[in-house]
Amino acid sequence: VVPVDAGGRICMRSLVETDVIVDYTGFFTDADGLDFQALDPIRLFDSRSTDARLNESTGGARIGAGRVVRLQVAGSRGVPEDATAVSVNLTATEALEGSFLTVYPCGERPATSTVNILPTQTAAANGAMVMLSDSGDLCVYSLRPVHVIVDINGAFI
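So, how was this worked out
- Residues numbered from 1 in each chain as written.
- Predicted model: local features only at pLDDT ≥ 70, side-chain atom pairs only at ≥ 80, totals over all residues.
- Heavy atoms only, no water.
- Disulfide = S-S within 2.5 Å.
- Helix = DSSP H or I, 4+ residues; strand = E, 2+ residues; numbered from the N terminus.
- Buried < 20%, exposed > 50% of the residue type's maximum accessible area, 1.4 Å probe, protein only.
- pLDDT = per-residue confidence, 0-100.
- Core = buried A, V, L, I, M, F, W, Y, C linked by side-chain atoms within 4.5 Å.
- Contact = heavy atoms within 4.5 Å.

Digging into the state of the cysteines
Link 1 in the chain: The final tally for this structure, using the stated rule, is 1 disulfide.
Link 2 in the chain: With its sulfur 2.0 Å from that of its partner, C106 forms a disulfide with C139. Here the disulfide of C106 and C139 is right-handed, its torsion about the S-S bond being about 105°. Placement of C106 in the loop between β4 (99-105) and β5 (115-117) and of C139 in strand β7 (residues 137-142) is noted, with a sequence separation of 33 residues between them.
Link 3 in the chain: Judged by its relative accessible area of 4%, C139 falls in the buried class.

What to know about the confidence of the model for the chain
Link 1 in the chain: Of all residues in the chain, 98% have pLDDT values of 70 or greater, and the mean over the chain is 93.
Link 2 in the chain: No element of the chain has a lower mean pLDDT than strand β1 (residues 36-46), which averages 93, and none a higher one than β7, which averages 98.

Describing the nonpolar core
The nonpolar side chains of a soluble globular protein tend to be buried with one another.
Link 1 in the chain: In this structure, V79, V86, L138, V140, V148, V150 and I152 are the most contacted members of the largest nonpolar core, which totals 30 residues.
Link 2 in the chain: Look past the residues within four positions of V79 in its chain and what remains in contact with it is L39, I42, V73, A74, V86, I152 and A155.

In structure tokens form, the structure reads like this:
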């Protein structure tokens, strides 16, 4: 989350020459909106786990290539039932090849990634604020097989 200047611009700086990709995913206004409720971090999903409370879909296996995992968020594991969006930390780990994950309100998947990982990385994580679907869930898409961890640290009511 980055504030813009009076002209609606942001600035970026790097200590070394690098390529940069910026994905614009939303904005805040001064109008009445949702209230943010910080939560103690909640582990909502972990594909490495065989415990059905943390993983009812892969049985401890990586999320398969091109697969989508649907997670009920609102009303689950301490997330308020009336939550309409959440602040998540999405982690990819144990990738066998380069991959990316996209977290989104279930429905049409956006064309951007939320976190990217290479097989040389132990893990890669990224924070995101994600709207929930009308039924209070979100989906995680994996390009290639990788373990996925979803932690929730706040909800928008």
